[in-house]
Amino acid sequence: MSKSGGAVVWQRELPHHHGPRRVLVADDGRVLLVDEWINVVSPFALTLIAADGGELAHYSAEQVLSLLAVPRKAITEHARFGPWITDGPTLSADGDWVLFKAGGRSLKLRLADGRISVED
């Protein structure tokens, strides 16, 4: 990861077998790695990395699916990107949250600490 000056800020090997499906980089340098490139129920569904390269939060797909609290059939029927994502990631207008749609519900991940919540 580098800043606009081109200096490497952090470097690490990513745990994803074929790389993340999506990556979101916030203005403050936090990085969210989303799912895996291949269509699997991944142990690396959401990984939030701080600007210094430290891991802030990590959620497996099983944890995300459990939080959604809807039947798996509903999740897979709505999924357009991998096994669970209908839409996203999208940064909220205030830049504090990353938003997803999955299984007919809305999932929010707070960039400050990686806390996730689910709404209808």
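Residues numbered from 1 in each chain as written. Predicted model: local features only at pLDDT ≥ 70, side-chain atom pairs only at ≥ 80, totals over all residues. Heavy atoms only, no water.

S.K.: So what exactly am I meant to see when it comes to helix H1 (residues 61-68) here?
M.R.: An α-helical turn contains 3.6 residues, so a residue and the one three or four places further along point in the same direction. Residues Ala61, Val64, Leu65 and Leu68 constitute the buried set of H1. Down the axis of H1, the smallest arc covering the buried residues is 100°, so these residues share one side. On its buried face, H1 sits against strand S3 (46-49), strand S4 (55-59), helix H2 (72-78), strand S6 (97-102), strand S7 (105-110) and strand S8 (116-119). Once H1 finishes, Ala69 follows within two positions and takes phi at roughly 55°, a positive value. (Buried < 20%, exposed > 50% of the residue type's maximum accessible area, 1.4 Å probe, protein only. Helix = DSSP H or I, 4+ residues; strand = E, 2+ residues; numbered from the N terminus. Arc of directions from axis to C-beta. Contact = heavy atoms within 4.5 Å.)

S.K.: Quick question: what am I supposed to make of the packing of aromatic side chains here?
M.R.: The description of two aromatic rings rests on the distance between their centres and on the angle between their planes. Under the criterion given, the structure shown has 1 aromatic pair. Measuring from centroid to centroid gives 5.6 Å for Trp84 and Phe100, while their planes differ by 45°, and the two rings are tilted. Of the two residues, Trp84 sits in the loop between H2 and strand S5 (87-91) while Phe100 sits in strand S6, which places them 16 residues apart along the sequence. For the pair formed by Trp84 and Phe100, the shared burial category is buried. Of note, Arg22 hangs over the ring of Phe81, and the distance from its end group to the ring centre comes to 4.2 Å. One residue, Lys108, lies across the ring of Trp97, its end atom 4.3 Å from the ring centre. (Phe/Tyr/Trp six-rings, centres within 6.5 Å; stacked < 30°, edge-to-face > 60°. Lys NZ or Arg CZ within 6 Å of the ring centre and 35° of its normal.)

S.K.: What is the right way to look at the nonpolar core in this model?
M.R.: Across soluble globular proteins, you tend to see nonpolar side chains buried next to one another. Among the nonpolar cores identified, the biggest contains 23 residues, and Leu32, Leu46, Val64, Trp84, Phe100 and Leu109 are the most heavily contacted of them. For this core, the secondary structure elements donating two or more residues are strand S2 (31-34), S3, S4, H1, S6 and S7. No other element matches H1, which puts 4 residues into this core. Dropping the residues within four chain positions of it, Leu46 is found in contact with Leu32, Leu33, Val34, Ala57, His58, Tyr59, Val64, Trp84, Phe100, Leu107 and Leu109. (Core = buried A, V, L, I, M, F, W, Y, C linked by side-chain atoms within 4.5 Å.)

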